[in-house]
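This is what each chain is made of:
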Amino acid sequence: MDDPKTLVSTDWLDAHLRNPDLRILDASWYLPAMARDAKAEFGAGHIPGARFFDIDEISDQRSELPHMFPPVEKFMSRMRAMGIGDGHQVVIYDGAGIFSAPRVWWTFRLMGKTDVAVLDGGLPKWKAEGRMIEDLPPFVRDRHMTVQRQAQLVKDVTQVAASSKLGDWEIIDARSEGRFRGDEPEPRAGLRQGHIPNSKNLPFARLMNADGTMKAPDALKAEFVAAGVDLKKPAITSCGSGVSAAILNLALERIGHRDHALYDGSWAEWGMYGDLRVAKG
């Protein structure tokens, strides 16, 4: 099931570690409630050759919203400085298993780069299998990168609001059931509770096996269907701030559903504006 454009196993990565055109990124990012320091954990130990991708820093910091996708020029400059460029196969992992890595996978695809995969099971699975870990900084050599932004892969609040009314896209929310219903408080202060009207709820955890790997395509498809998602329609994914939504995008790609986009502002934006309708229950 290894696919260098979506998801690869720890066996696959281990077998390709010495490939000179392989680049590995640690894209670990955690919610404040998780009480983890991604940079400190990376410094203490990471997969050999990995570079750290800072989701908060490699973003559009002109926006008041958290970690919005970066301007093309900023993405290119950061990747070149990390020694990532044209012709490289990129594998992305995170320290939670599969949580924040798909966000960076989606960012690369937004920039027109498709030779990018998420490590199935992430660092926890890699460590559990006793594979090599190092604390050395990688040797970086500048590499040219060309980017062609794929605007169809991202949606803004106006587009999502229109789809909510028209029902022409399936809006799929990756947050927990309680947050979707409006029963649980939002982790960010000042946000209303509930969900985008006419959206469907598929908590990202349902897409995972007990060992933290992603379910097989047939099982993924069954989860979308069980959530009431019409897979004949194009899809827009959403979550709290645009990170875990990308897990749904990765899963859609795995089942062959190619027409999908991510609402970058997600609930951090929708829940903030009182003139946008909110549904509960």
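Description of the structure in this document. The structure displayed is predicted, hence computed values, not measured ones.

## Considering the sheet that holds strand β2 (residues 22–26)
Here comes step 1: On the basis of which strands lie adjacent, the open sheet formed by five strands has the order β1-β5-β4-β2-β3 and parallel pairing. With partners counted over all chains shown, the strands left at the sheet margins are β1 (7–8) and β3 (51–52), one partner each.
Here comes step 2: The pairing of strand β4 (residues 89–93) with strand β5 (residues 116–119) spans three bridges and is parallel. The residue of β5 that forms the bridge with Val-91 is Ala-117.

## What to know about the packing of helix α8 (residues 217–226) against helix α9 (residues 245–254)
Here comes step 1: Look at α8 against α9: their axes get within 9 Å of each other, and the N-to-C directions meet at 120 degrees. By the angle between their axes, α8 is oblique relative to α9. Crossing of α8 over α9 shows left-handed handedness. In this structure, α8 uses Pro-217, Leu-220 and Phe-224 to contact α9, whose residues at the interface are Leu-248, Ala-251, Leu-252 and Arg-254.
Here comes step 2: Here the contact of α8 with α9 is composed, by residue class, of six nonpolar, no polar and one charged.

## Digging into the pattern of salt bridges
Here comes step 1: Within the structure shown, the criterion is met by 24 salt bridges.
Here comes step 2: A salt bridge links Arg-258 to Glu-253; its shortest N-O distance comes to 3.1 Å.
Here comes step 3: Glu-253 sits in the buried class, given a relative accessible area of 9%.
Here comes step 4: Among the charged side chains, a network of salt bridges with common partners joins Asp-11, Asp-14, Lys-125, Glu-129 and Arg-131.

## Describing the sheet that holds strand β10 (residues 260–263)
Here comes step 1: Read across the open sheet, the five strands follow the order β6-β10-β9-β7-β8; overall the sheet is parallel. The open sheet is flanked by β6 (154–155) and β8 (200–201), the only strands paired with a single partner.
Here comes step 2: Two strands pair when backbone bridges link them, and strand β7 (residues 170–173) and strand β9 (residues 235–238) are joined in this way by four bridges, in the parallel orientation. Looking at β9, one finds that Ile-171 is bridged to Ile-236.

## Considering helix α6 (residues 157–166)
Here comes step 1: Of the residues making up α6, those classed as buried are Val-157, Val-160, Ala-161, Ser-163 and Ser-164. An end-on view of α6 places all buried positions within 165 degrees of arc, on one side of the element. Exposed residues lying more than 90 degrees from the buried face of α6 are Thr-158, Lys-165 and Leu-166.
Here comes step 2: Of the surrounding elements, those touching the buried residues of α6 are β6, β7, β9, β10 and α10 (266–270).
Here comes step 3: Where α6 begins, one side-chain oxygen reaches toward the backbone nitrogen of Thr-158, 3.2 Å away; that side chain belongs to Asp-156.
Here comes step 4: Positive backbone phi, approximately 70 degrees, marks Gly-167, located one or two places after α6.

Calculation rules
All residue numbers refer to positions counted from 1 along the written sequence of the respective chain. Per-residue local features of the predicted model are confined to residues with pLDDT of at least 70, and side-chain atom pairs are confined, for both listing and counting, to 80 or more; whole-chain, interface and lining totals are unaffected and use all residues. For the side-chain quantities, the full set of heavy atoms in the structure was used; hydrogens and water were omitted. By definition, two strands form a pair when at least two bridges between them are found by DSSP. Under the scheme used here, helices are H or I runs from DSSP no shorter than 4 residues and strands are E runs no shorter than 2 residues, and both carry numbers assigned from the N terminus. A fitted line through C-alpha atoms represents every axis, and for helices the fit uses only the stretch in contact; the resulting angles, taken between N-to-C directions, go from 0 to 180 degrees. Under this scheme an angle from 65 to 115 degrees is roughly perpendicular, one under 35 degrees roughly parallel, and one over 145 degrees roughly antiparallel; angles in between are oblique. The hand of a helix crossing depends on one turn: near helix anticlockwise from the far one by less than a right angle means left-handed, and clockwise means right-handed. Every residue pair with non-hydrogen atoms within 4.5 Å of one another is taken to be in contact. Asp, Glu, Lys and Arg are counted as charged, while Ala, Val, Leu, Ile, Met, Phe, Trp, Tyr, Cys and Pro are counted as nonpolar; the rest, among them Gly, fall into the polar class. By convention in these notes, a salt bridge is any Lys or Arg side-chain nitrogen within 4 Å of a carboxyl oxygen on Asp or Glu. Only protein chains enter the accessibility calculation, which uses a 1.4 Å probe. A residue is then buried if its area is under 20% of the maximum for its type, exposed if over 50%, and partly exposed in between. This arc is built from the directions going out from the helix axis to the C-beta atoms. Distance and chemistry together define a polar contact, namely a pair of N or O atoms within 3.5 Å, with one atom able to donate a hydrogen and the other to accept it when in protein, and with adjacent residues in sequence counting only for side-chain atoms on both sides.

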